Every structure is written in structure tokens, then in C-alpha cells.
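Single-letter residue listing:
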Amino acid sequence: QVQLVESGGGLVQPGGSLRLSCAASGSIVSVYSMGWYRQAPGKQRELVATITGGGTTNYAEPVKDRFTISGDNSKHTVYLTIDSLKPEDTAVYYCNLQKGISVIYAYWGQGTQVTVSS
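First things first, this report covers the structure right here in the doc. None of these values were measured; they are calculated from a predicted model.

To continue, consider unusual backbone geometry. The general pattern is negative phi for most residues beyond glycine and trans for most peptide bonds. Despite not being glycine, Ser-30 shows a phi value in the positive range, around 50 degrees. Note on Ser-30: relative accessible area 38%, which makes it partly exposed. If you check the backbone angles, Ser-84 has positive phi at about 50 degrees while not being a glycine. When you line up the elements, Ser-84 lands in the loop between strand E8 (77-82) and strand E9 (91-99). A residue is classified by how much of its surface remains accessible, and Ser-84, at 39% relative accessible area, is partly exposed.

Structure, rendered in C-alpha cells:
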């Protein structure tokens with residue numbers, strides 16, 4: 001099993017910055033990627049960004065200029081830095097880990113709330 005614990009969410013004013021962290025523990029072998037998704041009220045969960053063990057990153061087009069994903073393999077931790085926050089960034093942000101060889105399994109954290117408001 002894999003456990004994912006997110007932290008770093010909160011209330012931020014528009015234009016501010018935030019860094020989310022996700023620490024993985026448990027059976028962390030054959031990890032393909034870690035990443036972040038978000039779900040705003042009344043909307044479906046959507047991809048934000050992912051990073052592979054080799055450091056290859058992928059971003060959703062709407063956020064690629066303001067969001068930065070990074071990882072620390074030694075700490076089994078992935079980070080999401082969000083700059084120039086907008087009210088529309090308000091959502092629950094979920095950490096995701098995908099692992100496996102012939103079959104890929106996905107694991108999710110409990111989510112961390114990010115609210116952008118003045």
C-alpha cells in the first residue's frame with residue numbers, strides 16, 4: 001500500500017504564491033510518476049501537473065505559466081509551487097502517485113484545500 005499526505009494549502013490573496021507538498025510512504029517501488037490534480041466546486045477533477053522519477057514534467061495548458069512541479073526522490077516528496085494565484089485556482093488539490101510495471105495502479109491523497117480570495 002501507498003500513503004500520500006498533502007500539506008501547504010490555505011487561504012491566499014489573489015496574486016500570492018503557495019507551495020503544496022505531498023509525502024509518499026509505504027510500498028514506494030516501481031513508481032512511474034507523481035502529480036497533482038484539482039477539483040473545484042461543481043467541477044470534475046482535472047490534471048494539474050505530473051513528474052516522472054526521471055524528472056520529466058507535464059502540465060495542463062491553463063496552468064503551465066504559473067505552476068511548477070518538482071520532486072525530491074530521496075524524500076519521496078513532490079511539490080507544487082503556484083505563483084500569481086487567481087480566484088479560479090480555488091479547489092481541493094489532490095496528490096496522485098502511479099506505480100507498477102505491466103499494470104499501473106493509482107493512489108490518491110486526501111486532498112488539501114486552496115482558497116484564493118481577498
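Past the structure itself, the notes keep going.
The next point concerns the side chain of Asp-89. Checked against the element boundaries, Asp-89 lands in the loop between E8 and E9. Taking relative accessible area as the criterion, Asp-89 reaches 0% and is therefore assigned buried. Excluding residues within four positions of it along the chain, Asp-89 makes contact with Arg-38, Arg-66, Phe-67, Ser-84, Val-114 and Val-116.

Moving on: the sheet that holds E8. Ordered in space as E1-E3-E8-E7, the four strands form an open sheet in which the pairing is antiparallel. Where the open sheet ends on each side, the last strands, each with one partner, are strand E1 (2-7) and strand E7 (67-72). Strand after strand, the sheet turns through a mean of 15 degrees between neighbouring axes, direction not considered. Direction of pairing for strand E3 (residues 18-26) relative to E8: antiparallel, over a ladder of six bridges. Counted as the bridge partner of Arg-19 is Thr-81 from E8.

Conventions used here
All residue numbers refer to position in the chain's written sequence, counted from 1. In keeping with the predicted nature of the model, local features appear solely for residues at pLDDT of at least 70, side-chain atom pairs appear and are counted solely at 80 or more, and the whole-chain, interface and lining totals rest on all residues. As a rule here, side-chain values come from all non-hydrogen atoms in the structure, and water together with hydrogens is ignored. Partly exposed residues are those whose accessible area sits between 20% and 50% of the maximum for their type, while under 20% is buried and over 50% is exposed, using a 1.4 Å probe and protein chains only. Strands here are runs of E lasting at least two residues and helices are runs of H or I lasting at least four, both read from the DSSP assignment and numbered beginning at the N terminus. Here, residues are in contact when the closest pair of their heavy atoms is within 4.5 Å. By definition, two strands form a pair when at least two bridges between them are found by DSSP. Here the axes come from fitting lines to C-alpha atoms, over the contacting stretch only for helices, and the angles between their N-to-C directions go from 0 to 180 degrees.

Treat this as a map of the structure, not an account of what it does.
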